[in-house]
Amino acid sequence: MITRLTKSSEGPRWSAQVQYESKLDPDFPDAIARLPGADKLWGCIQCGTCTGSCPVCQYMDLSPRQIIAMTRAGFKEEVLGCFTIWLCASCYACTVACPKQIQITDLMYALKRQAIREGHHPKRFMIPALAREFFHLVREQGRNSEGILLLRLYAKTNPLGAVRNALLGLRLFLRGRMGLRMESIRDKASFWKLMDRGPAEANGKKEKVA
Amino acid sequence: MTYLYYPGCSLKCSGRAYEESLLPVFESLGIPLTELPDWNCCGATAYMSVDQQASFLLALRNLALAERYGGDTKEPVHLVAPCAACYLALIKVQHRIAEHPEIARETTEDLAEAGLEYRGNVRVRHPLEVLVDDVGLDAIRSRVRAPLHGLRVACYYGCQIVRPYPVFDDPVNPTTLDRLMTAIGAEPVTWPLKTRCCGGTLTGTLHEMGARLSVLLVEEAVRRGAATMATACPLCQFNLDCYQQKRGALATSLPIVYFTQLVGLAFGIPGKRLGLGRHMIPLEPALAAAAGASHD
């Protein structure tokens, strides 16, 4: 059974939202196309090879090909608010298949970053939540601690999920594959100094992550 | 040649068996791996989704530390990264700074603020590549003490060691692992899903969908007659090993191992020293069946 992710039973959000051409954001594609990986965006021939090679396209509300077309047309709200960008698991199948060498996986990353920065992503949705929890934990400690990351993630998004996965956690623990020890690097002082240096994203502003 | 080892977070926790098998295999080939001192997380896929510059700096700190460890030698330091996500994160930043001068400039400045420098003298290597290209299949064959005759293996590369930068093999139909498995006596099965996505972190976040991707891989491998699957990534191994259940019962029971564990077994290293006891689905029945079949 294939369940397509949509925000409401009425179908994908984009179909209901854009009504007037004046609501499109003509600057959106230019800002995206300036980012490394997405810079060949304007060369897309809409062949659909990306969608055809995507292992999760059947679950997406917008296909990768549609994402490119809608990004270029300036459908900013629709593209940044969709599920598709979060379903991309970064397998790069589209990127190596694209006949126009568009780095579609990196385009998805660029869209994810902007969606997080501007708060467009679906609320309480676990995928962006995982990215953010991971980001904070590593920024704090320099390393990821898998058990702690999962607990924090479940606490924020889906406490019941922790209960449901407790058995798997226990089985992993018994095999020495899961624990709650906090891993960290030794030289945290210089690490924090390095990570506090602001990122220079497209707009040159320091990225704030809530 | 200096080989440094960059374990990454998974190889210290859920993917411990990968480290436990990698180190003795390299040791027995005369390539002791020294762990990169005070390495940090590579950033994986999550950092790129949140903050691009931070993801570059995370990867670059490791490269800078590796280069510093290598000293002033002209020879590049070889940084062995077994985890696919680590491997790609390190390679990706190298490509980005080579292709985008402004990224090179900004990251150099940021590294300098923290007292670090990266001059570009590190080669990021996957252990599969080191075994097949540096050590060579002949040397591996001559080290084999207990060939895995009769063991039918599905060779699973996953995505990120060959995509988007196919450094040592084809991005869709790689063969390195198949050749390595043949060299240790095992029989790779013909299997077209060798680089198809295992679901990555989706198995944890959108379980129904992520697990479906994993199950497809396992079911096809079983249909093709595989008795085990060799993986080269801790996340692939985790997904494929842990989610073969349906409603509490095992739907399939295909043992999912690290390729280094099979190489270790063929070298005569006992399974206990290769972390074989850490998997959900034990390999022993498949080994026994293969041994029985090859003696008939």
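Rules used throughout
Residues numbered from 1 in each chain as written. Chains lettered and ligands numbered in written order. Predicted model: local features only at pLDDT ≥ 70, side-chain atom pairs only at ≥ 80, totals over all residues. Heavy atoms only, no water. Salt bridge = Lys/Arg side-chain N within 4 Å of Asp/Glu carboxyl O. Helix = DSSP H or I, 4+ residues; strand = E, 2+ residues; numbered from the N terminus. Buried < 20%, exposed > 50% of the residue type's maximum accessible area, 1.4 Å probe, protein only. Expected span 1.5 Å × (residues − 1). pLDDT = per-residue confidence, 0-100. Contact = heavy atoms within 4.5 Å. Phe/Tyr/Trp six-rings, centres within 6.5 Å; stacked < 30°, edge-to-face > 60°. Lys NZ or Arg CZ within 6 Å of the ring centre and 35° of its normal. Core = buried A, V, L, I, M, F, W, Y, C linked by side-chain atoms within 4.5 Å.

## What about the pattern of salt bridges?
Residue and element names in this part refer to chain B.
Item 1. As enumerated under the stated definition, the model contains 23 salt bridges over all chains in all.
Item 2. The shortest N-O distance in the salt bridge between aspartate 178 and lysine 194 comes to 3.3 Å. Here lysine 194 lies in the loop between strand E6 (187-188) and helix H9 (202-205) and aspartate 178 lies in helix H8 (residues 176-183), a separation of 16 residues in the sequence. The same class applies to aspartate 178 and to lysine 194, which are both buried.
Item 3. Linking glutamate 220 and arginine 223 is a salt bridge whose minimum nitrogen-to-oxygen distance equals 2.6 Å. Note that glutamate 220 and arginine 223 are positioned in helix H10 (residues 207-223) at a spacing of three residues, about one turn of the helix.
Item 4. On the basis of relative accessibility, which here comes to 16%, the residue glutamate 220 falls in the buried class.

## Things to note about helix H9 (residues 126-141) of chain A
All names here are of chain A.
Item 1. Between the first and last C-alpha of H9 there are 22 Å, a value that for 16 residues agrees with the 22 Å anticipated at 1.5 Å per step.
Item 2. What H9 keeps buried is the set Met126, Ile127, Pro128, Ala129, Leu130, Ala131, Glu133, Phe134, Phe135, Leu137, Val138 and Gln141.
Item 3. Looking at the residues trailing H9, positive phi occurs at glycine 142, about 85°.

## Some details on the confidence of the model for chain A
Residue and element names in this part refer to chain A.
Item 1. Mean pLDDT for chain A: 86, with 84% of residues reaching 70 or above.
Item 2. Mean pLDDT in chain A bottoms out at helix H1 (residues 13-17), which sits at 51, and peaks at helix H3 (residues 49-53), which reaches 98.
Item 3. Segment residues 8-12: pLDDT under 50, and three contacts once partners within four positions in sequence are set aside and those in other chains are kept.
Item 4. Low pLDDT, under 50, characterises residues 199-210; the predicted model gives this stretch 27 contacts beyond four residues in sequence or across chains.

## A few points about the packing of aromatic side chains
Item 1. One pass over the full model with this rule turns up nine aromatic pairs over all chains.
Item 2. Taking the centre distance of 4.9 Å and the plane angle of 85° together, the rings of phenylalanine 83 of chain A and phenylalanine 125 of chain A count as edge-to-face. With phenylalanine 83 of chain A in the loop between helix H5 (76-80) and helix H6 (84-87) and phenylalanine 125 of chain A in the loop between helix H8 (104-117) and H9, the pair connects residues that are 42 residues apart, well separated along the chain.
Item 3. By relative accessible area, phenylalanine 83 of chain A is classed as buried at 8%.
Item 4. Feature note: the residues Phe134 and Phe135 of chain A together with Tyr47 of chain B constitute an aromatic cluster, connected by ring pairs.
Item 5. Across the ring face of tryptophan 39 of chain B, the terminal group of arginine 143 of chain A is positioned such that the distance to the ring centre comes to 3.5 Å.

## Side note on the nonpolar core
Item 1. In terms of nonpolar packing, the biggest core is built from 173 residues, with Leu180, Met181, Phe259 and Leu262 of chain B touching the most fellow members.
Item 2. What leucine 180 of chain B contacts, discounting residues up to four positions off in sequence, is Leu128, Leu131, Val132, Leu137, Ile140, Phe259 and Val263 of chain B.
Item 3. Met178 of chain A together with Ala211, Met280 and Ile281 of chain B belong to the second-largest nonpolar core, a separate cluster that totals nine residues.

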